[in-house]
Amino acid sequence: MSESGTISAIIHENQKDILKEWLDLQTSESNSKGLIKESELRAQSNNFLSAFAAATHDGMDGKLAGSNWDEVRAFLATLSRNRALQGFSPAETATFVLSLKQPILNTLRKAYGKDSAKLADEFWNLTVALDALGLYTIEQYQKGREQVIQRQQQELLDLSTPVVQLWQGILALPLIGTLDSERTQTVMESLLEGIVEQEATIAIIDITGVPTVDTLVAQHLLKTVAAARLMGAECIISGIRPQIAQTIVHLGVELGDVVTKSTLSEALRVALRKRNLVITSAAGAKA
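Rules of the game
Residues numbered from 1 in each chain as written. Predicted model: local features only at pLDDT ≥ 70, side-chain atom pairs only at ≥ 80, totals over all residues. Heavy atoms only, no water. Helix = DSSP H or I, 4+ residues; strand = E, 2+ residues; numbered from the N terminus. Rg over C-alpha atoms; globule rule 2.2 N^0.38 Å. Buried < 20%, exposed > 50% of the residue type's maximum accessible area, 1.4 Å probe, protein only. Contact = heavy atoms within 4.5 Å. Areas by Shrake-Rupley, 256 points an atom, 1.4 Å probe, with all protein chains shown as cover. Lys, Arg positive; Asp, Glu negative; His and termini not counted. Charge placed at Lys NZ, Arg CZ, Asp CG, Glu CD. Pairing = 2+ DSSP bridges. Right-handed = clockwise from strand over helix to strand, strands pointing away. Axes fitted to C-alpha atoms, helices over the stretch in contact; angles between N-to-C directions. Salt bridge = Lys/Arg side-chain N within 4 Å of Asp/Glu carboxyl O. Core = buried A, V, L, I, M, F, W, Y, C linked by side-chain atoms within 4.5 Å.

Caption draft 1: Structural context of the overall build of the chain. Helices and strands together make up the secondary structure of the chain, namely 11 helices and five strands. For 287 residues, the compact-globule estimate of 2.2 N^0.38 gives 19 Å, and the C-alpha radius of gyration of the chain, at 32 Å, exceeds that figure by more than 25%. Dimensions along the principal axes, computed over C-alpha positions, put the chain at roughly 100 × 45 × 30 Å. Within the chain, the proportion of its 287 residues that are buried is 42%. Long-range pairs, those at least 24 residues apart, make up 72% of the contacts in the chain between residues at least 6 apart in sequence. Element-wise, carbon and sulfur atoms account for 53% of the exposed surface of the chain, whose accessible area totals about 15,500 Å². Charged side chains of the chain number 27 positive and 33 negative; the gap between the two group centres comes to 6 Å.

The structure is reproduced here in structure tokens:
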């Protein structure tokens, strides 16, 4: 066996014992909450150990350079992102790699006996490589978490900008929360898509759930109104509370000829009149 392939050969020869000790450590440290099944953890550990042994056949490299580390990096990237979804912490994810040090060290001690110098050299190389892989898992975990957060943010934006058909040709877009530039773009896209799909001619933008209206929010609303007009739909803004009305006046914001109402029901009445529609009760009286 070559000097550069010593650790690789030792892992292959003692993989069963190393795996058993490593699994015990992981169960008590990184999987103490039982977030994944024992069978899945065993399969992951066994696959990584085989890939790691193969990568170290041509020597240990703390920089993880070379194509021989590609399989190890790919495996850890997938594992780290999956664990981000499964609820593991960054430390628990990194422990998957770092906890491998102790089992391999115990095996190296048996293999080298009293050759303390050789043992120290090999364990140092092992430590550098596993530390680098531990950092890599954290980086990949963070990327996974960021993707989850971005997806959740987009889902929240979509949920907070529902386009509702109130009547044939009449849409409502109830807004809840702060209206910033990014969300305005989502609001505009949702409204325009709804106008096209429903062939709507009137769109009610309800801002009852918008806590405050400043100059920027008013500008965003006007841009949305302008975009809807270009699509052939007239907009009505409802939910104008007294405080918001005062704020708009103090800011000197001009809403132009945009129809505004205090409640969604009043805005719907206006929309129905514009469509030459009248709601009557069963007795025949107009609502």
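Text resumes after the structure shown.
Caption draft 2: Quick peek at the pairing of strand S2 (residues 170–176). In terms of burial, S2 is largely enclosed, as five of its seven residues are buried. Here strand S1 (residues 164–167) runs beside S2; their pairing, made up of three bridges, is antiparallel. Counterpart to glutamine 165 in the pairing with S2 is leucine 171. A loop of two residues connects S1 with S2, the two strands running antiparallel in sequence, and glycine 169 in this loop sits at a positive phi of about 85°. Sheet analysis places S2 next to strand S3 (residues 202–209), joined by six bridges and oriented parallel. Of the residues in S3, the one forming a bridge with isoleucine 170 is isoleucine 202. In this fold, S2 hands off to helix H8 (residues 181–198), which returns the chain to S3; that crossover is right-handed.

Caption draft 3: The arrangement of the sheet that holds S3 in detail. What the five strands build is an open sheet, ordered S1-S2-S3-S4-S5; its pairing is mixed. Two strands bound the open sheet, and with one partner strand each, they are S1 and strand S5 (259–261). On average, each strand axis in the sheet is tilted by 30° relative to the strand beside it, whichever way the strands run. Here five bridges tie S3 to strand S4 (residues 234–238), and the two strands are oriented parallel to one another. Across the sheet, the residue bridging to isoleucine 204 is isoleucine 236, located in S4. Against the sheet, H8 engages S1, S2 and S3, with an angle of about 165° to S2. Running over the sheet, helix H11 (residues 264–274) touches S1, S2, S3, S4 and S5 and is turned about 170° from S3.

Caption draft 4: Representation of the pattern of salt bridges within the structure. Enumeration over the complete set of coordinates arrives at six salt bridges. Close ionic contact of arginine 229 with aspartate 257 constitutes a salt bridge, the shortest N to O distance being 2.8 Å. Residue arginine 229 is found in helix H9 (residues 215–230), and its partner aspartate 257 is found in the loop between helix H10 (242–251) and S5; the two are separated by 28 residues along the sequence. Lysine 274 is the partner of glutamate 234 in a salt bridge, and the nearest nitrogen-oxygen pair spans 3.0 Å.

Caption draft 5: Structural detail: the nonpolar core. Counting residues in each nonpolar core, the largest one holds 37 residues, and the members touching the most others are Phe48, Phe52, Leu76 and Leu133. Elements with a minimum of two residues in this core: helix H1 (6–13), helix H2 (15–28), helix H3 (38–55), helix H4 (70–86), helix H5 (90–98), helix H6 (101–112) and helix H7 (116–159). Those residues in contact with leucine 133 that lie beyond four places of it in its chain are Phe48, Phe52, Leu64, Trp69, Val72, Leu76 and Val97. Counting residues in each nonpolar core, the second largest holds 27 residues, with Leu179, Ile205, Val217 and Ala228 among its members.

Caption draft 6: Region of interest: the environment of glutamate 71. Summarising the element assignment, glutamate 71 is placed in helix H4. Judged by its relative accessible area of 54%, glutamate 71 falls in the exposed class. Along the chain, glutamate 71 and alanine 51 lie 20 residues apart, while their C-alpha atoms are 6.6 Å from each other.

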